[in-house]
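Observations on chain architecture
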Amino acid sequence: MKISRRKIATKILRKARIIPRESSTIDLQNIESIGTKGRIKTLVEPIPKKNPCRTHSKNPDSRSLLLASFKIMEYVNPLTGLRIDGRRPNEMRHLKGEVGVISKADGSALFEMGNTRVIAAVYGPREVQNKGQQLNNEALVRCEYSMANFSTGDRTRKPKGDRRSTEISLVIRQTMEACILTNLMPRSQIDIFVQVLQADGGTRSACINAATLALADAGIPMRDIITSCAAGYLCATPLLDLNYAEDSAGGPDVTVGLLGKMDKITLLQMDAKLQLDTFEDVMQLAVEGCKAIAQYIREILLENTKQLESRRG
Amino acid sequence: MRDLHLTLNQTQRVRLQAALDKLESLAAPTAAAAASVTVADTIPVNHEDNILKGHGTSELDGEVVATLCGVVERVNKLVYVRALRSRYKPEVGDIIVGRVIEIAPKRWRLEINFCQDAVLMLSSMNLPDGIQRRRTAVDELNMRSIFVENDVICAEVRGFQHDGSLHLQARSQKYGKLEKGQLLTVAAYLIKRRKQHFHHLEEFNVDLILGCNGFIWIGQHTETNNITNISDDNNINNISDEFMELETRRNICRIANAVRLLAVLGLTLTLEAVLETVKASVDADVAIGEMLGAEFYVMTVEREAERRASVSRKKGY
């Protein structure tokens with residue numbers, strides 16, 4: 001006997017107590033896929049019309065269904081307004097930066113944003129290794145992003161060479177190239193190597209911040225301090241500096257790279273979809289985060305310069 | 001510090017902190033600390049004067065803005081930012097030490113601590129037989145008998161090429177291949193330009209060459225007259241000089257460790273500083289291997305703090 005998919009779906013959802021038992025069969029038009037054996041893998045709805053943080057609505061309207069798993073995460077607690085790690089929506093994670101960690105490199109830095117830890121090394125300007133790529137009037141900037149095997153929860157197999165690493169390498173290279181004064185060092189090469197030691201969301205931003213510190217440490221002339229921060233939108237609130245749990249919630253993630261003094265945006269990336277006016281709020285929040293990071297980076301660099309100069313005598 | 005990861009016990013940590021604080025307090029009164037800038041900092045400038053914007057500065061909205069992290073220097077109307085840990089900035093007449101990377105037609109390419117490799121032309125080099133003559137094709141084919149890859153060479157900056165790379169010359173007797181010693185790399189800003197970069201330390205029988213690019217050579221002393229001998233004599237000399245005395249080797253290592261220690265601490269490298277560190281290590285009976293250990297490290301910082309305090313006291317009088 002053929003039982004319709006609709007009835008199966010309703011039965012499963014009722015058993016999981018996601019829809020109230022008394023409701024009639026639901027409308028399947030908006031449901032993309034249903035797993036088997038009573039486990040619902042994903043129910044996807046294009047734009048959440050209602051607050052996805054409520055467990056289920058009394059109104060058995062199918063369009064209000066948005067689930068990621070059996071449990072629904074409250075990314076922002078409706079009572080206290082705090083996020084899952086106890087931060088406020090516009091609060092950034094704890095920052096820590098250190099310069100000069102790799103002695104052999106011309107410039108190096110270690111940057112931490114909460115649990116995300118990233119190390120950057122800069123070699124250059126030095127002789128171009130591949131003469132075919134030499135540029136006669138400016139420096140060649142090369143960047144390589146890799147994640148250590150032990151940086152994520154499960155041991156990753158290919159630390160570099162996969163699509164995500166190549167994409168992020170390109171993004172970091174373009175961002176840094178925009179702020180390095182390459183025309184002062186013709187026929188030379190600047191190598192930026194960034195490695196993620198611990199990944200907890202926002203690795204792209206942490207890499208750009210670490211690269212800025214390393215370039216300044218190496219004495220490479222730059223237009224401005226470039227910083228980067230990410231912001232998202234979950235439970236109808238813009239959230240600053242998402243960690244891994246919030247990032248994997250499936251909500252939008254806006255990464256912004258900003259030149260601090262000139263107030264110009266050099267990097268703007270977003271996953272998922274967002275309405276235009278909400279997007280402006282979220283982007284503005286990320287820009288504020290970038291400015292705060294720029295302030296912190298300036299302090300570190302100034303402290304380092306003063307220390308070196310006083311030691312020199 | 002950058003290089004050494006030392007484990008200090010509690011007393012050493014306390015002493016180190018006290019000595020570092022003393023160093024910083026002595027440096028604070030000077031204007032240098034106040035003039036430190038980071039990237040994109042505005043440099044305070046009197047706009048009525050026609051200020052010349054030098055290296056490390058750029059113009060943004062009518063303000064002079066730094067492009068490097070460093071110290072602002074003002075010389076008459078010139079304002080520039082001196083970066084600390086950057087690569088070597090060459091000037092004509094500098095004495096440098098470099099390593100051969102490649103042999104190219106009629107030239108050697110050397111790695112010095114600069115944006116590009118430096119070039120040493122065959123014509124800028126003395127031939128082994130000492131005669132001044134035109135370099136022939138045979139000479140070009142025998143370039144490998146003079147310098148091979150990975151040789152350490154001392155030379156002088158002759159000028160800049162049109163593409164910005166350096167031209168070197170090694171025509172005098174004191175320049176040329178360096179053998180029987182150690183090459184150390186330190187940051188270029190620690191070595192100041194002085195009148196003398198070649199130092200012969202008699203009591204140790206050691207040559208110390210402080211290259212302006214941050215490469216330092218410490219080796220057994222060689223008489224400069226020997227180099228112009230005819231090739232047979234050279235061979236005989238080489239064979240007899242194969243064995244270096246143990247004492248000389250120990251001295252070379254001791255001086256090298258002293259240089260490493262001073263470089264890690266960020267103190268300016270001068271002959272006096274190196275000699276004093278070596279003397280202090282001998283007086284304190286520190287073994288050569290322990291010179292890079294925690295105890296001597298703390299002692300050196302304390303000694304430097306004392307020295308600067310006494311210098312400033314003398315100036316005060």
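Residues numbered from 1 in each chain as written. Chains lettered and ligands numbered in written order. Predicted model: local features only at pLDDT ≥ 70, side-chain atom pairs only at ≥ 80, totals over all residues. Heavy atoms only, no water.

What follows is about the interface of chain B and chain A. Taken together, the contact between chain B and chain A spans 41 residues of the former and 39 residues of the latter. Note on chain B versus chain A: buried area summed over both sides is about 3,500 Å², and carbon and sulfur give 52% of it. Where chain B meets chain A, there are four salt bridges. When the shortest N-O distance is used, the salt bridge between Arg87(B) and Asp106(A) registers 2.8 Å. Inspection of the region where chain B meets chain A yields 15 residue pairs in polar contact (both at pLDDT 80 or more). When residues of the side of chain B that touches chain A are traced back to their parent elements, those giving at least two are α1 (10-27), α2 (31-34), β1 (36-37), β4 (63-66) and β5 (70-75) of chain B. Residue contributions to the side of chain B that touches chain A peak at four residues, all from α1(B). (Contact = heavy atoms within 4.5 Å. Buried area = accessible area lost by both parts, 1.4 Å probe. Salt bridge = Lys/Arg side-chain N within 4 Å of Asp/Glu carboxyl O. Polar contact = N/O pair within 3.5 Å; in protein donor to acceptor, adjacent residues only side chain to side chain. Helix = DSSP H or I, 4+ residues; strand = E, 2+ residues; numbered from the N terminus.)

Moving on to the sheet that holds strand β9 (residues 264-271) of chain A. Residues and elements named next belong to chain A. Pairing is antiparallel in the open sheet, where four strands are placed in the order β7-β6-β8-β9. Sheet topology places β7 (237-240) and β9 at the edges, where each strand pairs with a single neighbour. Strand after strand, the sheet turns through a mean of 25 degrees between neighbouring axes, direction not considered. Bridge count between strand β8 (residues 253-259) and β9: seven bridges; the pairing is antiparallel. Bridge pairing in β9 places Leu-258 opposite Ile-265. Packing of helix α2 (residues 163-179) onto the sheet brings it into contact with β6 (226-234), β8 and β9, and relative to β9 it is tilted by some 165 degrees. Lying over the sheet, helix α3 (residues 203-217) contacts β6, β8 and β9, oriented at roughly 165 degrees with respect to β6. (Pairing = 2+ DSSP bridges. Axes fitted to C-alpha atoms, helices over the stretch in contact; angles between N-to-C directions.)

So, on to the confidence of the model for chain B. Residues and elements named next belong to chain B. Per-residue pLDDT for chain B averages 86, and the proportion of residues at 70 or more is 91%. In the predicted structure, residues 226-233 sits below a pLDDT of 50 and forms eight contacts with residues beyond four places in sequence or in another chain. Scoring of the predicted complex yields 0.83 for pTM and 0.88 for ipTM. (pLDDT = per-residue confidence, 0-100.)

Residue and element names in this part refer to chain A. Considering the arrangement of structural elements, one finds Ser-228 in strand β6. Separated by 3.2 Å, the side chains of Ser-228 and Ser-205 make a polar contact. A polar contact is formed between the side chain of Ser-228 and the backbone oxygen of Val-256, at a distance of 3.2 Å. Residues contacting Ser-228, with those up to four places away along its chain left out, are Met-113, Ser-205, Ile-208, Asn-209, Thr-255, Val-256, Gly-257, Cys-290 and Ile-293.

Two strands in a sheet stick together by hydrogen bonds in their backbones, pointing the same way (parallel) or opposite ways (antiparallel). Residues and elements named next belong to chain B. Strand order in this open sheet of four strands is β13-β16-β15-β14, and the pairing throughout is antiparallel. Lying at the two open borders of the sheet, with one neighbouring strand each, are β13 (181-185) and β14 (198-201). Looking at each pair of strands side by side, their axes are set apart by 15 degrees on average, direction ignored. Sheet topology note: the strand β15 (residues 206-210)/strand β16 (residues 215-220) ladder contains five bridges and is antiparallel. Bridge pairing links Val-206 to Gln-220 in β16. Relative to β16, helix α6 (residues 246-265) is tilted by about 160 degrees, and along the sheet it contacts β13, β14, β15 and β16.

Taken as a whole, this structure holds 37 salt bridges over all chains when the rule is applied. As a salt-bridge pair, Arg83(A) and Glu246(A) come within 3.1 Å of each other at their nearest N and O atoms. Of the two residues, Arg83(A) sits in the loop between α1 (5-15) and β1 (95-99) while Glu246(A) sits in helix α4 (residues 244-247), which places them 163 residues apart along the sequence. Each member of the pair, Arg83(A) as well as Glu246(A), is classed as buried. A salt bridge links Glu59(B) to Lys53(B), with the shortest nitrogen-to-oxygen separation between them at 3.1 Å. Owing to a relative accessible area of 41%, Lys53(B) belongs among the partly exposed residues under this scheme. One continuous salt-bridge network, built from bridges that share partners, spans Arg83(A), Asp85(A), Arg87(A) and Glu246(A). (Buried < 20%, exposed > 50% of the residue type's maximum accessible area, 1.4 Å probe, protein only.)

Turning to the packing of aromatic side chains, a few remarks are in order. Residues and elements named next belong to chain A. In total, this model carries three aromatic pairs over all chains according to the counting rule given. When the ring of Tyr-123 is compared with that of Phe-193, the centres are 5.9 Å apart and the planes differ by 75 degrees; the resulting orientation is edge-to-face. Taken together, the positions of Tyr-123 in strand β3 (residues 116-127) and Phe-193 in strand β5 (residues 188-198) put the pair 70 residues apart, joining distant regions of the chain. Since its relative accessible area comes to 21%, Tyr-123 is described here as partly exposed. Judged by its relative accessible area of 29%, Phe-193 is partly exposed. (Phe/Tyr/Trp six-rings, centres within 6.5 Å; stacked < 30°, edge-to-face > 60°.)

Residues and elements named next belong to chain B. Scanning all chains against the criterion turns up zero disulfides over all chains. Looking at Cys-115, it has no disulfide partner, and the nearest cysteine sulfur is the one in Cys-212, 16 Å off. The buried category is assigned to Cys-115, whose relative accessible area is 15%. Looking at the unpaired Cys-154, the closest cysteine sulfur is the one in Cys-212, lying at 9.9 Å. In this structure Cys-154 comes out as buried when scored by relative accessible area, which is 0%. (Disulfide = S-S within 2.5 Å.)

Residue and element names in this part refer to chain B. Of all nine residues making up strand β10 (residues 152-160), seven are buried, and the element is well covered by its neighbours. In terms of strand pairing, strand β7 (residues 95-104) meets β10 through five bridges, oriented antiparallel. Across the sheet, the residue bridging to Val-97 is Cys-154, located in β10. Pairing geometry for β10 and strand β12 (residues 176-178), over three bridges, is antiparallel. Within the sheet, the bridge partner assigned to Ile-153 lies in β12 and is Lys-177. Remark: five residues form the turn of the hairpin made by β10 and strand β11 (residues 166-170), two consecutive strands paired antiparallel; Gly-164 in that turn has positive phi of roughly 100 degrees.

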